[in-house]
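Take a look at the letters that make up each chain.
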Amino acid sequence: MKLEQLETFVTIVETGSINSAAQKLSKTQPAISMTIKRLEEFIGFSLFDRTNYRLKPTEKGLTYYQKSKAILDHLHELSEFTTSLKSGIEHEVAIAIEDTANVSSILSTLQPIQKQFPDTELIIETESRLNSLSRLLKHEVQLAITPWLLTFASEGDFQSKTIKPMTMFYCVHKDLVAPFGVHKSEELNESILRKLPQLLPREFGVNLNQAKIMKPIGRSIVKVNNLTSMLSALHAKLGWGPITDGYWDEIMERHFLRFPIDKMSSPVISEIRIIKNRYTTLGPVAEKIWQSF
């Protein structure tokens, strides 16, 4: 048995076809087919049900995939650990921070680490619509700091630590609802909101049912791609929309009314977490950042 055979097998299962696996591995389809044939001959049972057009793992094949994936993940972890030991301190550490996490309150934590490791280049990238998790999954960054819901665990094998709680709710400029005789949050209702434009984020970077969290009910919809645009649109009175408690300040308190995401329930309460891929070994600087929270 060769590692190449396991990698090919895992890639076919994850991509769903020999053709897709061949493209991802930069190999020909016949070469992929031959690799799997030799693996099946070696282990003595079929890995795939070939009765349909799309390859589907057999019951034994699915179990074999899970074991193979675990082995490859550990080998990848060992490889990264070897590289870390060989090179010593990282040349650079990349962190993706979701804009809703209120970046300014988090960056101060990095200052003593930067002072301790002056030769390491810190790359701080602000992301929107949960793209920080997507970047982490692709190993484009070592760490992500983002709002966290339990459903995110299904997106990848993450390890996370809570930094602080976060509450999300809707808000609307008082000038928009004044014509309806509304001056307090308690006076708002869905009938009034339906008559106003609604601000929504564009599609999220992870698999998340946006409608369940932010149901589109407004007369017209305005979609924005980041928090800066959302805040600007709220202040420009383009509509009502979501905000987190980290950005609710004295100015917003004077000019806006805030209310729960769902009028029949409490505000959505989440957490800001720092996240890493479970089987990725962090270098000294990234590990120091991880441990600082």
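Whatever comes next refers back to the structure up there.
Quick notes on the rules
Residues numbered from 1 in each chain as written. Predicted model: local features only at pLDDT ≥ 70, side-chain atom pairs only at ≥ 80, totals over all residues. Heavy atoms only, no water. Helix = DSSP H or I, 4+ residues; strand = E, 2+ residues; numbered from the N terminus. Contact = heavy atoms within 4.5 Å. Areas by Shrake-Rupley, 256 points an atom, 1.4 Å probe, with all protein chains shown as cover. Phe/Tyr/Trp six-rings, centres within 6.5 Å; stacked < 30°, edge-to-face > 60°. Buried < 20%, exposed > 50% of the residue type's maximum accessible area, 1.4 Å probe, protein only. Salt bridge = Lys/Arg side-chain N within 4 Å of Asp/Glu carboxyl O. Axes fitted to C-alpha atoms, helices over the stretch in contact; angles between N-to-C directions. Parallel < 35°, antiparallel > 145°, perpendicular 65-115°, else oblique. Left-handed = near helix turned anticlockwise from the far one by under 90°. Nonpolar A, V, L, I, M, F, W, Y, C, P; charged D, E, K, R; others polar. Expected span 1.5 Å × (residues − 1). Arc of directions from axis to C-beta. Patch = residues over 30% accessible without salt bridge, like charges linked within 9 Å, V, L, I, M, F, W, Y side chains within 5 Å.

Trainee: What's the story with the overall build of the protein in this structure? I'm lost.
Mentor: When you go through the protein residue by residue, the secondary structure sums to 13 helices and eleven strands. For the protein, the share of sequence-separated contacts (at least 6 apart) that also reach a separation of at least 24 residues comes to 71%. Carbon and sulfur atoms provide 52% of the accessible area of the protein, an area that totals close to 16,300 Å².

Trainee: Explain the packing of aromatic side chains to me, please; I cannot follow it from the model alone.
Mentor: How two aromatic rings sit relative to each other is given by the distance of their centres and the angle of their planes. Evaluated as defined, the whole model comprises eight aromatic pairs. Here Trp240 and Phe259 contribute two aromatic rings whose centre-to-centre distance is 6.1 Å and whose plane-to-plane angle is 50°, an arrangement assigned as tilted. Taken as a pair, Trp240 in the loop between helix H11 (227–235) and strand E9 (241–244) and Phe259 in strand E10 (residues 256–259) lie far apart in primary sequence, 19 residues in all. For Trp240, a relative accessible area of 1% gives the class buried. Under the relative-accessibility criterion, Phe259 is labelled buried at 3%. Three or more aromatic residues joined by ring pairs make a cluster, and in this case those are Phe9, Phe45, Phe48 and Tyr64.

Trainee: Looking at this model, I keep getting lost on the pattern of salt bridges. Mind explaining?
Mentor: Opposite charge on two side chains makes pairing possible when the charged atoms of those side chains draw close. Inspection of the entire model under this criterion finds eleven salt bridges. Residue Asp73 is joined to Lys69 by a salt bridge in which the shortest nitrogen-to-oxygen separation is 3.2 Å. Highlighted residues: Asp73 and Lys69, both in helix H4 (residues 59–87), separated by four residues, approximately one helical turn. Among the salt bridges present, the one from Arg135 reaches Glu140, with a minimum N-O distance of 2.3 Å. Looking at Arg135, the relative accessible area reads 18%, which means it is buried.

Trainee: Is there a simple way to think about the packing of helix H1 (residues 3–15) against helix H3 (residues 29–43) in this case?
Mentor: Packed helices, taken two at a time, are described by their axes: the angle between them and the distance between them. The geometry of H1 relative to H3 is characterised by a closest axis approach of 9 Å and an angle of 110° between their N-to-C directions. Comparing their axes, H3 and H1 come out roughly perpendicular. The hand of the H1/H3 crossing is left-handed. Of the residues in H3, those in contact with Glu4, Gln5, Thr8, Phe9 and Ile12 of H1 are Ile32, Thr35, Ile36, Arg38 and Leu39. Looking at the contact of H1 with H3 residue by residue, the class counts come to five nonpolar, three polar and two charged.

Trainee: Looking at this model, I keep getting lost on the side chain of Ser132. Mind explaining?
Mentor: Mapped onto the elements of the fold, Ser132 is located in helix H7 (residues 131–137). Looking at Ser132, the relative accessible area reads 0%, which means it is buried. Apart from residues no more than four positions distant in its own chain, Ser132 is found in contact with Ala96, Glu98, Glu127, Ala144, Ile145 and Thr146.

Trainee: Would you mind going over H3 with me for this structure?
Mentor: The periodicity of an α-helix, 3.6 residues per turn, causes residues three or four places apart in sequence to face the same way. For H3, which comprises 15 residues, the first-to-last C-alpha distance of 21 Å matches the rise-based estimate of 21 Å (1.5 Å per residue) to within 8%. What H3 keeps buried is the set Ile32, Thr35, Ile36, Leu39, Glu40 and Ile43. All buried residues of H3 project into a common sector of 130° when viewed along the axis, lining one side. Opposite the buried face of H3, by more than 90 degrees, sit the exposed residues Pro30, Arg38, Glu41 and Phe42. With its phi angle positive at about 90°, Gly44 sits one or two positions after the end of H3.

Trainee: Mind showing me how you'd approach a nonpolar patch on the surface here?
Mentor: On the surface, Leu3, Ile71, Leu75 and Leu78 cluster together into a nonpolar patch covering about 340 Å² of accessible area. The leading source of residues in the nonpolar patch is H4, at three residues. Mapped onto the elements of the fold, Ile71 is located in helix H4. For Ile71, a relative accessible area of 43% corresponds to the partly exposed category.

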